[in-house]
Amino acid sequence: MSFFSGWFGGGAAAAPAAAPTATAPPAPTATTAPPSKHCLRRIRNDLRALERDAGGMLFACVADDADFTAVDAMIVGLEGTPYAGGFFHFKVRFPPAYPCDCPKVELATTGRGTVGFNPNLYANGKVCLSILGTWAGPSWSPTQSLASVLLSIQSLMHDRPYVNEPGREAASDAACAPYNEFLRYATLRYALARNVDASSAEYRAMPEPMRRFVADAFLRKFDDILALVDAAIERGEDGRPHRDPTNRSSASGAANYGELRRELVALRAATEARVAREDRDDDDDAETVDGGAAASEAASPEVASPEGASASPAADAAAATNA
């Protein structure tokens, strides 16, 4: 799809019209009614379409094979925004009447409840979007899909998220800069490093296919990610106070880019080793399956043909032709 921008190679997302914010947090909760057949079919179609068209910028998978209505989704931060290099994990719950009713969406990447990554993305996981019924505005339509939800959220994660707050629509670049600086470090610290670190709660909260998606993207774009860290150091941001100027986040301390750089280098080595180990295990499993099939075929007794009959239909046909 042409509306997917490339990460570290595509254009930065353009700032959309400012979206208002809300306060009450949504929480995707289990539903008591079973999903309809149409609901399950539509979810499958949504997942297939996303896999086909996302271009590596979006990812989604079923969290539990026993419950097809619970989906884990990932949005990759776009180049040219303070979200570049980040992996933003969302929990999606589809209602039984989907797509007639909208899904429930919650942000899981919040620095453990300390970072509001956008005026529309709260530290408590709230996703403020009118099509999700969490704010006034254009409402949900059954023609929309999981991809349209994720793209709508991604469109809010542009290069000047400060202006998403009502009343700040005309804010200057200088006014936006402190919030962008806060988000750049928060993204690399909480939406990147913790999602790659196999010892973190954030990593363990991801389904295995999502872990591999993140690992592959991290390794593929490592040099570009490290360049973001080095650029921040060159701008003099290393050691500056890490504080949200909008006071929507409780994260504090210092933006320690030097330490983060060393951590990312170590995480690359650990991730390479983990991916190599997983690939070896997959190869061993494949060889075991192939070997078992071959042994079974070799052990199968030959079936005797009736007397006077050829064991090969092709040979019978050839004999008839030559007769």
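Residues numbered from 1 in each chain as written. Predicted model: local features only at pLDDT ≥ 70, side-chain atom pairs only at ≥ 80, totals over all residues. Heavy atoms only, no water.

1. Details of the overall build of the protein chain
This is how it is decided: Every helix listed is a DSSP run of H or I at least four residues long, and every strand listed is a run of E at least two residues long, numbered separately from the N terminus. The buried label applies to any residue whose accessible area, calculated with a 1.4 Å probe on protein chains only, is under 20% of its type's maximum; exposed applies above 50%, and partly exposed to all values in between. We call two residues in contact when some of their heavy atoms are within 4.5 Å. Exposure was quantified through the Shrake-Rupley algorithm and a 1.4 Å probe, taking into account, for residues, occlusion by the shown protein chains and nothing else.
From N to C terminus, the protein chain includes eight helices and four strands. Along the protein chain, from the amino end to the carboxyl end, the secondary structure elements read α-β-β-β-β-α-α-α-α-α-α-α. Here the protein chain, with 323 residues, has 45% of them falling under the buried criterion. Put simply, of all contacts in the protein chain between residues at least 6 apart along the chain, 66% involve residues at least 24 apart. Roughly 15600 Å² of accessible area belongs to the protein chain as shown, and the carbon and sulfur atoms make up 53% of that amount.

2. What to know about the sheet that holds strand E1 (residues 58-64)
Applied cut-off: Pairing between two strands requires that DSSP report at least two bridges joining them. Interaxial angle, 0 to 180 degrees, is taken between N-to-C directions of lines fitted to C-alpha atoms, where a helix line uses only the stretch in contact.
Strands sit in the order E1-E2-E3-E4 across an open sheet of four strands; the sheet is antiparallel. Strands at the two margins of the open sheet, each flanked by one partner only, are E1 and strand E4 (104-107). Strand-to-strand twist across the sheet, computed as the mean angle between neighbouring axes with direction ignored, equals 25 degrees. Relative to strand E2 (residues 67-76), E1 runs antiparallel, the two sharing six bridges. Counted as the bridge partner of Leu-58 is Ile-75 from E2. Packed on one face of the sheet, helix H5 (residues 208-220) meets E1, E2 and strand E3 (87-93) and runs near 15 degrees to E2.

3. Points about the confidence of the model for the protein chain
Stated formally: As a per-residue measure, pLDDT tells how confident the predictor is, with possible values from 0 to 100.
Across the protein chain, the average pLDDT comes to 86, with 79% of residues at 70 or higher. A low-confidence stretch, residues 303-323 stays under pLDDT 50, and its non-local contacts, those more than four residues away or across chains, total four contacts.

4. As for the nonpolar core
Across soluble globular proteins, nonpolar side chains show a tendency to be buried alongside one another. Inclusion rule: Put simply, a nonpolar core is a bunch of buried Ala, Val, Leu, Ile, Met, Phe, Trp, Tyr and Cys residues held in one set by side-chain atoms that sit within 4.5 Å of each other.
Of all hydrophobic cores here, the largest spans 47 residues; its most connected members are Phe-90, Phe-117, Leu-146 and Ile-153. When contributions to this core are tallied by element, the ones reaching two or more residues are helix H1 (37-53), E1, E2, E3, E4, helix H2 (146-156) and helix H3 (173-196). Beyond its immediate stretch of four places on either side in the chain, Leu-146 contacts Asp-46, Leu-47, Leu-50, Ala-60, Val-71, Val-92, Phe-94 and Tyr-98. Residues Cys-61, Phe-87, Tyr-203 and Ile-225 belong to the second largest nonpolar core, which totals 29 residues.

5. Focus: the packing of H1 against H2
Threshold: Here roughly perpendicular refers to angles of 65 to 115 degrees, roughly parallel to angles under 35, roughly antiparallel to angles over 145, and oblique to all remaining angles.
Close contact between H1 and H2 brings their axes to 8 Å; oriented N to C, the two are set at 55 degrees. As summarised for this structure, H1 and H2 are arranged oblique, according to the angle between their axes. Touching Asp-46, Leu-47 and Leu-50 of H1 are Leu-146, Ala-147 and Leu-150, all from H2.

6. Observations regarding helix H6 (residues 222-234)
What counts, and what does not: To estimate how far a helix should extend, the number of its residues minus one is multiplied by 1.5 Å. Our arc is simply the arc of the directions from the helix axis toward the C-beta atoms.
Relative to the 18 Å expected for 13 residues at 1.5 Å per residue, H6 spans 18 Å between its end C-alpha atoms, a close match to the ideal helical length. Residues of H6 that are buried include every one of Phe-222, Ile-225, Leu-226, Val-229 and Ala-232, and no others. Down the axis, H6 shows its buried residues gathered within 115 degrees of arc, on one side only. Away from its buried face, by an angle of more than 90 degrees, H6 presents the exposed residues Asp-223 and Glu-234. At the exit of H6 stands Gly-236, carrying a positive phi of roughly 85 degrees.

7. Examining H1
Three- or four-residue spacings in an α-helix give side chains the same orientation, since the helix completes a turn every 3.6 residues. Relative to the 24 Å expected for 17 residues at 1.5 Å per residue, H1 spans 24 Å between its end C-alpha atoms, a close match to the ideal helical length. For H1, every residue scored as buried is listed here: Cys-39, Arg-42, Ile-43, Asp-46, Leu-47, Leu-50 and Asp-53. Along the axis of H1, the buried residues cluster in a sector spanning 150 degrees; they form a single face. Opposite the packed face of H1, turned more than 90 degrees from it, sit the exposed residues Lys-37, Arg-48, Glu-51 and Arg-52. Along its buried surface, H1 packs onto E1, E2 and H2. Phi turns positive, to about 60 degrees, at Gly-55, one or two residues after H1.

8. Comments concerning the packing of aromatic side chains
Put simply, the test is: Two rings from Phe, Tyr or Trp (for Trp, the six-membered ring) form a pair when their centres sit within 6.5 Å of each other. Planes less than 30 degrees apart are called stacked, planes more than 60 degrees apart edge-to-face, and all others tilted. Distance and angle both matter: a charge sits over a ring if NZ of Lys or CZ of Arg is within 6 Å of the ring centre and within 35 degrees of the ring normal.
Within this structure, the stated rule accounts for eight aromatic pairs. Residues Phe-218 and Phe-222 carry aromatic rings whose centres are separated by 5.6 Å and whose planes lie at 90 degrees to one another, so their mutual orientation is edge-to-face. The exposure classification of Phe-218 matches that of Phe-222, with both residues buried. Site record: aromatic cluster; members linked through ring pairs are Tyr-83, Phe-88 and Phe-117. The residue whose ring lies beneath Arg-44 is Phe-68, and the NZ or CZ to ring-centre distance is 4.7 Å. For the cation-ring pair, Arg-168 lies above Tyr-162, with the distance from its terminal atom to the ring centre recorded as 4.3 Å.

9. Details of a negative patch on the surface
Put simply, the test is: What goes into a patch is any residue over 30% in relative accessible area without a salt bridge, connected to like charges within 9 Å or, for nonpolar side chains (Val, Leu, Ile, Met, Phe, Trp, Tyr), within 5 Å. Any carboxyl oxygen of Asp or Glu within 4 Å of a side-chain nitrogen of Lys or Arg constitutes a salt bridge here. Within this scheme the basic residues Lys and Arg register as positive and the acidic residues Asp and Glu register as negative, but His and the chain ends are omitted. Here the site of a charge means atom NZ of a Lys, CZ of an Arg, CG of an Asp or CD of a Glu.
On the surface, a cluster of negative charge is contributed by Asp-281, Asp-282, Asp-283, Asp-284 and Asp-285. Position of Asp-284 among the secondary structure elements: in helix H7 (residues 257-299). You can call Asp-284 partly exposed: its relative accessible area is 43%.

10. Some words on the pattern of salt bridges
Under the criterion given, the structure shown has 18 salt bridges. Across the pair Glu-259 and Arg-189 runs a salt bridge, and its minimum N-O distance is 3.8 Å. Taken together, the residues span a long stretch of sequence, with Glu-259 in helix H7 and Arg-189 in helix H3 at a distance of 70 residues. When salt bridges that share partners are traced, they join Arg-212, Asp-216, Glu-278 and Asp-279 into one network.

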